[in-house]
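A closer look at the structure
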Amino acid sequence: MDEAHTGPVPEELTDRLTEVFDLVGPLYRRTHRTVEQDMSAEGLSAGIRAVLNLLRDHGPMTVPQMGRAQTLSRQFVQRMVNDAAAKGLVESVPNPAHQRSSLIRLTEPGRTAITAVLDRERAVLRHAADDLTGPDIDACLRVLSRLLHVMGDADVD
């Protein structure tokens, strides 16, 4: 069953994909709680973590760009950016491409904070990888990426 399907998908595969959805929700919520508990001493939320990580991965971005990248409303992202800015973790800089939409970039304290958070998360994930293989993870990424693609873009604003 490793080949791509060219005809109708067997019902059992559809049922198995439902199992994936049934696991993704609780996994997301547990991870969200764990991340928030881990970062509470630093006063960071999962939303701020998402902003900091996005900026670490992609460099300076506008709030609308971050919202689209994370399928979150511009308003929610703006609140997270405001919270991160109040903590000195991000700063607004002029956007040469658009005068009214500033770029948001990490500050050095922001880069230090997200690096520390990611290092702790990676330590936890090492335990999850104990009995998994590269092909296991590749298959998981392929399935989740396909589901994300099939769900399409959601308009969150």
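Residues numbered from 1 in each chain as written. Predicted model: local features only at pLDDT ≥ 70, side-chain atom pairs only at ≥ 80, totals over all residues. Heavy atoms only, no water.

To continue, consider the packing of helix 2 (residues 46-58) against helix 3 (residues 63-70). Interaxial distance between helix 2 and helix 3 falls to 11 Å at its minimum, and their mutual angle equals 100°. Between helix 2 and helix 3, the interaxial angle falls into the category roughly perpendicular. From helix 2, Val51, Leu54 and Leu55 reach across to helix 3, where they touch Met66, Ala69 and Gln70. (Axes fitted to C-alpha atoms, helices over the stretch in contact; angles between N-to-C directions. Helix = DSSP H or I, 4+ residues; strand = E, 2+ residues; numbered from the N terminus. Parallel < 35°, antiparallel > 145°, perpendicular 65-115°, else oblique. Contact = heavy atoms within 4.5 Å.)

Time to look at helix 6 (residues 134-151). Counted at 1.5 Å a residue, the expected span for helix 6 with its 18 residues is 26 Å, and the 26 Å between its end C-alpha atoms agrees. Residue Gly152 follows helix 6 closely and has a positive phi angle near 70°. (Expected span 1.5 Å × (residues − 1).)

On to the side chain of Glu121. Positionally, Glu121 belongs in helix 5 (residues 108-128). Every residue in contact with Glu121, bar those within four places of it in the chain, is listed here: Val35 and Arg49.

With that out of the way, let us pick up the pattern of salt bridges. Enumeration according to the criterion identifies four salt bridges in this entry. Where Asp57 meets Arg56, a salt bridge forms, and the shortest distance between an N and an O atom there is 2.8 Å. By relative accessible area, Asp57 is classed as partly exposed at 44%. (Salt bridge = Lys/Arg side-chain N within 4 Å of Asp/Glu carboxyl O. Buried < 20%, exposed > 50% of the residue type's maximum accessible area, 1.4 Å probe, protein only.)

So, about a nonpolar patch on the surface. Among the surface-exposed residues, Phe21, Val150 and Met151 lie close enough to one another that they form a single nonpolar patch of about 300 Å² accessible area. Along the chain, the position of Met151 falls in helix 6. Given the relative accessible area of 52%, Met151 is considered exposed. (Patch = residues over 30% accessible without salt bridge, like charges linked within 9 Å, V, L, I, M, F, W, Y side chains within 5 Å. Areas by Shrake-Rupley, 256 points an atom, 1.4 Å probe, with all protein chains shown as cover.)

Attention now goes to unusual backbone geometry. Where the residue is not glycine, phi is negative for most of them; where a peptide bond is considered, it is trans in most cases. For Thr71, which is not a glycine, the phi torsion comes out positive at approximately 55°. With respect to the helices and strands, Thr71 occurs in the loop between helix 3 and helix 4 (74-86). With relative accessibility at 41%, the residue Thr71 sits in the partly exposed group.

All right, on to the nonpolar core then. Formed by 21 residues in total, the largest nonpolar core has its most connected members in Leu55, Met66, Val81 and Val90. Looking at this core, the elements with two or more residues in it are helix 2, helix 3, helix 4, strand 2 (103-106) and helix 5. Looking at which element gives the most residues to this core, the answer is helix 2, with five residues. Each residue touching Val90, except ones within four places of it in the same chain, is listed here: Leu52, Leu55, Val81, Ala84, Ala85, Ile104, Arg105, Leu106 and Thr107. (Core = buried A, V, L, I, M, F, W, Y, C linked by side-chain atoms within 4.5 Å.)

Right, let's get into helix 4. Here helix 4 contains 13 residues, and its C-alpha end-to-end distance of 18 Å stays within 8% of the 18 Å for a straight helix at 1.5 Å per residue. Tucked inside the fold, the buried residues of helix 4 contact helix 2, helix 3, strand 1 (90-93) and strand 2. Downstream of helix 4 by one or two residues, Gly88 has phi in the positive range, about 75°.

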